[in-house]
Amino acid sequence: MTRSIRPAASGSAARPTAAERARTVAGRPAAAVCAAGIDGSRVLGHATTADGQVLLVVPTDGEVCTAVRHSADGDLAALLMVTDHAPVPLRDPVRAQVWLSGWLTTVPAEDEQAAALAFAELAPVGALLDVGRGTTLLRLELAEVVLGECGTVTELTPEDYLAAGPDPLAEVEAQALRHLDDAHPEELALLGSRVPRRWLHEGDVVRPLGLDRCGFRLRIEQREGHRDVRVPFAEPVTGVDELAAAVNQLMCASRGP
């Protein structure tokens, strides 16, 4: 059984919006394309660029690119599924998924260079160097966006998704959580102390699950199933440069007077 719990401590109850979470999840590397006759084909890379393009790089001779070329109208109804895995080992490592559906088309040759540069700013995958020589850039014209996390599913408009930005801590989250998990058991225990005692039982294990501009998320691994709980910062941060102070303030509050 999986449960998601709202903030466990006093302070800001803010949490990233669903659109922000979707943009953050969409930046994770694990992705696959589904379409008619294609059941979960892996892509070499994908990105939602700052100018609102959803781009994929795929093998030119692969099934996705072949299906786009052979489609009657030059576009292919398709679904891009991106999966967000926790950066530390957990029994259930999938934190969220986002499904981007619409129509895939080949990026015209005259737009390839600009599109590849916009792609590389977010995801500098090596396959971009082979565009036109073994790999192909595809553009997904968005029709629907769906975010699944914490046992709930949220539908978003393409406009809201594209207007949002990924979490400002997304690039440092994995390293920060691994460091917390590996090297700072005392600090992790302090975060765990913010969880109400009624939610903890003998044998439960508190693990780091997530970090975003609003605070930490913890996973309480139980004998059967788990609970996810948010431990917020006093105020949301706006960037990495504010993270250390926010964490220090949270730790001091956890230690008490």
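Residues numbered from 1 in each chain as written. Predicted model: local features only at pLDDT ≥ 70, side-chain atom pairs only at ≥ 80, totals over all residues. Heavy atoms only, no water.

(A) Structural context of the packing of aromatic side chains. Applying the stated criterion to the full structure yields one aromatic pair. Where F216 meets F233, the ring centres are 5.9 Å apart and the plane angle is 75°; that geometry is what we call edge-to-face. With F216 in strand 11 (residues 215-221) and F233 in the loop between strand 12 (226-232) and helix 7 (243-255), the pair connects residues that are 17 residues apart, well separated along the chain. In terms of burial, F216 and F233 fall into one category: buried. If you follow R23 out to its NZ or CZ, it ends over the ring of Y161, 5.5 Å from the centre. (Phe/Tyr/Trp six-rings, centres within 6.5 Å; stacked < 30°, edge-to-face > 60°. Helix = DSSP H or I, 4+ residues; strand = E, 2+ residues; numbered from the N terminus. Buried < 20%, exposed > 50% of the residue type's maximum accessible area, 1.4 Å probe, protein only. Lys NZ or Arg CZ within 6 Å of the ring centre and 35° of its normal.)

(B) Region of the structure containing unusual backbone geometry. Within the chain, C150 stands out as a residue other than glycine whose phi angle is a positive 55°. By secondary structure assignment, the location of C150 is in the loop between strand 8 (135-149) and strand 9 (152-156). On the basis of relative accessible area, C150 is assigned to the partly exposed category, the value being 29%.

(C) Layout of the confidence of the model for the protein. Averaged over the protein, the pLDDT score is 93; the fraction of residues at 70 or greater is 95%. Under a pLDDT of 50 for its full length, residues 1-13 has, in the predicted model, 37 contacts with residues more than four places off or in other chains. (pLDDT = per-residue confidence, 0-100. Contact = heavy atoms within 4.5 Å.)

(D) Region of the structure containing the pattern of salt bridges. Going through the model one piece at a time under the given rule, you end up with ten salt bridges. For R230, the salt bridge goes to D212, with nearest N and O atoms at 3.0 Å. Taken together, the residues span a long stretch of sequence, with R230 in strand 12 and D212 in strand 10 (residues 205-212) at a distance of 18 residues. Of the charged contacts in the structure, one is a salt bridge between D228 and R219, with a shortest N-O distance of 2.3 Å. Because the salt bridges share partners, they merge into one network encompassing R21, R28, D84, R95, E149 and E173. (Salt bridge = Lys/Arg side-chain N within 4 Å of Asp/Glu carboxyl O.)

(E) Layout of empty space enclosed by the protein. In total, this model carries one cavity of 30 Å³ or more according to the counting rule given. Its boundaries defined by the atoms lining it, the largest cavity holds a volume of some 60 Å³. As for the largest cavity, its lining consists of R21, T24, R28, D84, R95, D167, L169, A170, E173, L211, D212 and R217. Where the lining of the largest cavity is concerned, the elements lending two or more residues are helix 1 (18-26), helix 5 (170-183) and strand 10. Considering only residue class, the lining of the largest cavity consists of three nonpolar, one polar and eight charged. (1 Å grid on protein atoms, 1.4 Å probe; cavity = no way out; pocket = protein on both sides within 12 Å on 5 of 7 lines; lining within 4 Å. Points joined across faces, edges and corners; volume = space filled by probe spheres on them. Nonpolar A, V, L, I, M, F, W, Y, C, P; charged D, E, K, R; others polar.)

(F) Looking closely at helix 7. With 13 residues, helix 7 extends 18 Å from end C-alpha to end C-alpha; this agrees with the ideal 18 Å at 1.5 Å per step. Those residues of helix 7 that sit buried are L243, A246, L250, M251 and S254. The buried residues of helix 7 all sit within an arc of 130° when viewed along its axis, so they share a single face. The exposed residues of helix 7 that point more than 90 degrees off its buried face are A244 and A245. Directly beyond the C-terminal end of helix 7, a positive phi value near 85° is found at G256. (Expected span 1.5 Å × (residues − 1). Arc of directions from axis to C-beta.)

(G) Examining the side chain of H46 more closely. Mapped onto the elements of the fold, H46 is located in strand 4 (residues 45-48). Of note is the side chain of H46, whose polar atom sits 3.3 Å from the backbone oxygen of A26. If near-sequence neighbours (up to four positions away) are discounted, H46 is found in contact with A26, R28, P29, A31, L55, L56, L80, V82, F119 and A123. (Polar contact = N/O pair within 3.5 Å; in protein donor to acceptor, adjacent residues only side chain to side chain.)

(H) Representation of the pairing of strand 11 in the model. Most of strand 11 sits out of view: seven of its seven residues are buried. Between strand 10 and strand 11, which pair antiparallel in sequence order, lie two residues. The sheet contact formed by strand 11 and strand 12 spans seven bridges and is antiparallel. From the neighbouring strand, R219 faces strand 12, where its bridge partner is D228. Linking two consecutive strands that pair antiparallel, namely strand 11 and strand 12, is a turn of four residues; a positive phi of about 80° is found at G225 within it. (Pairing = 2+ DSSP bridges.)

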